[in-house]
Amino acid sequence: MNADGALVLFSGGQDSATCLAWALDRFARVETVGFDYGQRHAVELDCRAAFRAALAAQFPHWAARLAEDHTLRLDALGTLSDTALTREAEIALREDGLPNTFVPGRNLIFLAFATALAYRRGLRHIVAGMCETDYSGYPDCRDDTIKAMQVALNLGMERRFVLHTPLMWRDKAATWELAEALGGRPLVDMIIEHTHSCYLGDRSHRHAWGYGCGTCPACELRQRGHEAYTTRCTAAGPAQ
Ligand code: ZN
């Protein structure tokens, strides 16, 4: 186990919840940060406390490592983002193939704020759920983007931060598999019940893969990944 501290960008979604478990498995002290920028799926932020509490209750050895939670308000990002995430608009694909939910450079801004917080908190490792495998083609999720950002942050802050993206090369099914490897079925069930992905903030419809409208791109991605995961589980036989 790594004696250093880590800061996890924890939005309350499936990916960042899996990253939180990944960090708790590795680092002696793990803090979390969430960003409130007026997103329409702000219900995701409400899931954060519930998930942290469930995690601490179910996994006592992780509870001992789970430290402060921070919420940073980034109102300016919401003001800048003329997109479907912050307006009452239909979610659709743009001509360039990106969903109109894309907030330009959002992850760069998140990483800069998170690293400034990590600096103040004395945490060396930043853990984030970016993934370029099946994640809508957001350019700020690319591995090269994150690596370049790490270089820029380390130069600009005169420190040696390490940016970890454990999901970068996993598809959604493999992300569920990682959760199972880290915390077994209890962690998988906790992620289904207490995390949120739906862009529309729908918590009234419960599916096998969790809550959501079932039709927005985030729901479709989560559903497809969960179906592929359960298919692989079935093919591999019952879990021991
Ligand atoms: Zn949805």
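Refer to the structure printed above.
Thresholds, definitions, all that
Residues numbered from 1 in each chain as written. Predicted model: local features only at pLDDT ≥ 70, side-chain atom pairs only at ≥ 80, totals over all residues. Heavy atoms only, no water. Helix = DSSP H or I, 4+ residues; strand = E, 2+ residues; numbered from the N terminus. Expected span 1.5 Å × (residues − 1). Buried < 20%, exposed > 50% of the residue type's maximum accessible area, 1.4 Å probe, protein only. Arc of directions from axis to C-beta. Donors = N, O, S within 2.8 Å, 3.2 Å for Na, K, Ca; no water. Tetrahedral: all angles 85-135°; square planar, octahedral: opposite > 155°, others 65-115°. Axes fitted to C-alpha atoms, helices over the stretch in contact; angles between N-to-C directions. Parallel < 35°, antiparallel > 145°, perpendicular 65-115°, else oblique. Contact = heavy atoms within 4.5 Å. Nonpolar A, V, L, I, M, F, W, Y, C, P; charged D, E, K, R; others polar. Core = buried A, V, L, I, M, F, W, Y, C linked by side-chain atoms within 4.5 Å. Pairing = 2+ DSSP bridges.

## Some details on helix H6 (residues 143–157)
So, point 1. Between its terminal C-alpha atoms H6 stretches 21 Å, which fits the 21 Å expected from 15 residues at 1.5 Å a residue.
So, point 2. Burial in H6 covers these residues: Asp 143, Thr 145, Ile 146, Met 149, Gln 150, Leu 153, Asn 154 and Met 157. All buried residues of H6 project into a common sector of 160° when viewed along the axis, lining one side. In H6, the exposed residues that point more than 90 degrees away from the buried face are Asp 144, Leu 155 and Gly 156.
So, point 3. Looking at the residues trailing H6, positive phi occurs at Glu 158, about 55°.

## Considering the coordination of the zinc ion
So, point 1. At the metal site, the zinc ion is ligated by Cys 198 (SG), Cys 213 (SG), Cys 216 (SG) and Cys 219 (SG), and these contacts range over 2.3 to 2.4 Å.
So, point 2. One can describe the site at the zinc ion as tetrahedral: its 4 donor atoms subtend angles covering 106 to 116° at the metal.
So, point 3. Mapped onto the sequence, the donors of the zinc ion take the spacing C-x14-C-x2-C-x2-C. Across the pair, exposure class does not vary: Cys 216 and Cys 219 are buried alike.

## Some points on the packing of helix H7 (residues 172–194) against helix H8 (residues 217–236)
So, point 1. Orientation of H7 relative to H8, taken along the N-to-C sense of each, is 85°, at an axis distance of 10 Å. Considering their axes alone, H7 and H8 lie roughly perpendicular with respect to each other. Contacts from Lys 172, Ala 173, Ala 174, Trp 176, Glu 177, Glu 180, Arg 185, Val 188, Ile 191 and Ile 192 in H7 reach Leu 221, Arg 222, Gly 225, His 226, Ala 228, Tyr 229, Arg 232 and Cys 233 in H8.
So, point 2. Residues belonging to the contact of H7 with H8 are distributed by class as follows: 10 nonpolar, 2 polar and 6 charged.

## A look at the nonpolar core
So, point 1. Judged by nonpolar contacts, the single largest core of 33 residues is most densely connected at Leu 9, Phe 35, Leu 111, Ile 126 and Leu 163.
So, point 2. If you list the elements that add at least two residues to this core, you get strand E1 (2–9), strand E2 (27–36), helix H5 (106–121), H6 and H8.
So, point 3. Here this core takes 5 residues from H5, the largest share from any one element.
So, point 4. The residues contacting Phe 35, other than those within four sequence positions of it, are Leu 9, Leu 45, Leu 72, Leu 74, Phe 110, Phe 113 and Ala 114.
So, point 5. Counting residues in each nonpolar core, the second largest holds 32 residues, with Leu 55, Phe 59, Leu 167 and Ala 179 among its members.

## Section: the sheet that holds strand E3 (residues 66–73)
So, point 1. Pairing is parallel across the open sheet formed by 5 strands, whose spatial order is E3-E2-E1-E4-E5. The sheet terminates laterally at E3 and strand E5 (162–164), the two strands that pair on one side only. Here the average twist between neighbouring strands, direction ignored, is 25°.
So, point 2. Summarising the sheet, strand E4 (residues 125–127) and E5 pair through 3 bridges and their orientation is parallel. Paired with Val 127 across the strands is His 164, a residue of E5.
So, point 3. Strands in contact with helix H2 (residues 43–58) are E2 and E3; relative to E3, the strand with the most contacts, it is inclined by about 175°.
So, point 4. Against the sheet, H5 contacts E1, E2, E3, E4 and E5, and its axis sits at roughly 135° relative to E2.

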